[in-house]
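Below, each chain spelled out in residue letters.
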Amino acid sequence: MAERLPPLTALRAFESAARHMSFAKAAEELHVTPAALSFQIKNLEEHLGQPLFHRLNRAVDLTEAGRLLSPGASEGFERLEAAWRATRRLQDSRVLSVTAGPAFTAKILAPNLYAFALAHPEIELRFAASLRRMDFQRDEVDVAVRYSLDPEEDLFNQPLMEEAAMPLMRPELAGRFPTPESLIQAPLIYDDSLINLPSASHWDRWVRAAGLTFTPHPTARFSQADHALDAALSGSGVVFSRSSIARRLLATGQLVAPYPIALRTRARFRVLCVHGTENRPQVAAFRSWLVSELDKLPTGLEDKLLLDEAEYE
């Protein structure tokens, strides 16, 4: 038989006092009088059968029992509050909170947001462009777009598009460097974010796959994929980048991929959400819209020989 827990108000009073190490500050936070808060903690101590605080002259300190209870109480209330917020969000079909990496946001989502707003004026989109792995409950996120090798089994996951990486450049640069061999004279742009991705495609691997013998050296390096693409857009050089985030730029002809070889990887972008929320009206609308927008664009890989990147480690 499970042990009966003490009153929630008493646990809340203890958690706040232990966090602030002050009865007065805890009372202020909980909007009760210090006397009422002290009564709640005394009630909790009686329920437990031992003190949780040492009452000092002008301060308090946790007893051994208090130090043992405090972390669990704080974590419990944090999880309860997060679950409550997530449950309340189920009633709200107007707001959709989406997180994605800066490059995906800048190159794929942002250019199309006006179209989504026109199609779904009833939905208010809130974006967080971040590489930080956000927690769906704690950070109040409805949908995440993440780049990964394998599905996350504890989440609903929808793969978006095939992925490969290849050299990209302005059309005028393609005239100056018409063959892979000519890249030995080209200014090469490094996207250092590729190194930290589940797929580690990079210039060295592509050079080997193309059968070239020179060692590539960077003219410029960027820590963010969208910055590296922007450098290529400016005509500063040739960037080795992923087909997914360059898809719109390839479709509009702002960048071209003139060489026949691309390195394919199992890693790809996926739309993720908590199981059971994928068919909420605003989540389903966003998923359907994103897939539809991507399907309008060529992949950029139609005429490429796709080689497995793992063969060129």
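This report concerns the structure included in the present document.

So, about the side chain of S241. As for its position among the elements, S241 is in strand 10 (residues 238-242). Overall, S241 belongs to the buried group, its relative accessible area being 1%.

A few words on the pattern of salt bridges. Applying the stated criterion to the full structure yields 17 salt bridges. With a closest N to O distance of 2.5 Å, K107 and D230 form a salt bridge. Of this pair, K107 sits in helix 5 (residues 102-109) while D230 is found in helix 9 (residues 225-233), placing the two residues 123 residues apart along the sequence. Residue class for D230 comes out partly exposed when judged on its relative accessible area of 35%.

Interhelical geometry of helix 1 (residues 8-20) versus helix 2 (residues 23-30) gives an angle of 125° and a closest axis separation of 8 Å. Classed by the angle they form, the pair helix 1 and helix 2 counts as oblique. Considering how the two elements wind past one another, helix 1 and helix 2 form a crossing that is right-handed. Seen from helix 1, the contacting residues are R12, A13, S16, A17, R19 and H20; seen from helix 2, they are F23, K25, A26, E29 and L30. Of the residues contributing to the contact of helix 1 with helix 2, the split by class is five nonpolar, two polar and four charged.

Definitions and cut-offs
Residues numbered from 1 in each chain as written. Predicted model: local features only at pLDDT ≥ 70, side-chain atom pairs only at ≥ 80, totals over all residues. Heavy atoms only, no water. Helix = DSSP H or I, 4+ residues; strand = E, 2+ residues; numbered from the N terminus. Buried < 20%, exposed > 50% of the residue type's maximum accessible area, 1.4 Å probe, protein only. Salt bridge = Lys/Arg side-chain N within 4 Å of Asp/Glu carboxyl O. Axes fitted to C-alpha atoms, helices over the stretch in contact; angles between N-to-C directions. Parallel < 35°, antiparallel > 145°, perpendicular 65-115°, else oblique. Left-handed = near helix turned anticlockwise from the far one by under 90°. Contact = heavy atoms within 4.5 Å. Nonpolar A, V, L, I, M, F, W, Y, C, P; charged D, E, K, R; others polar.

Structural measurements only, silent on function.
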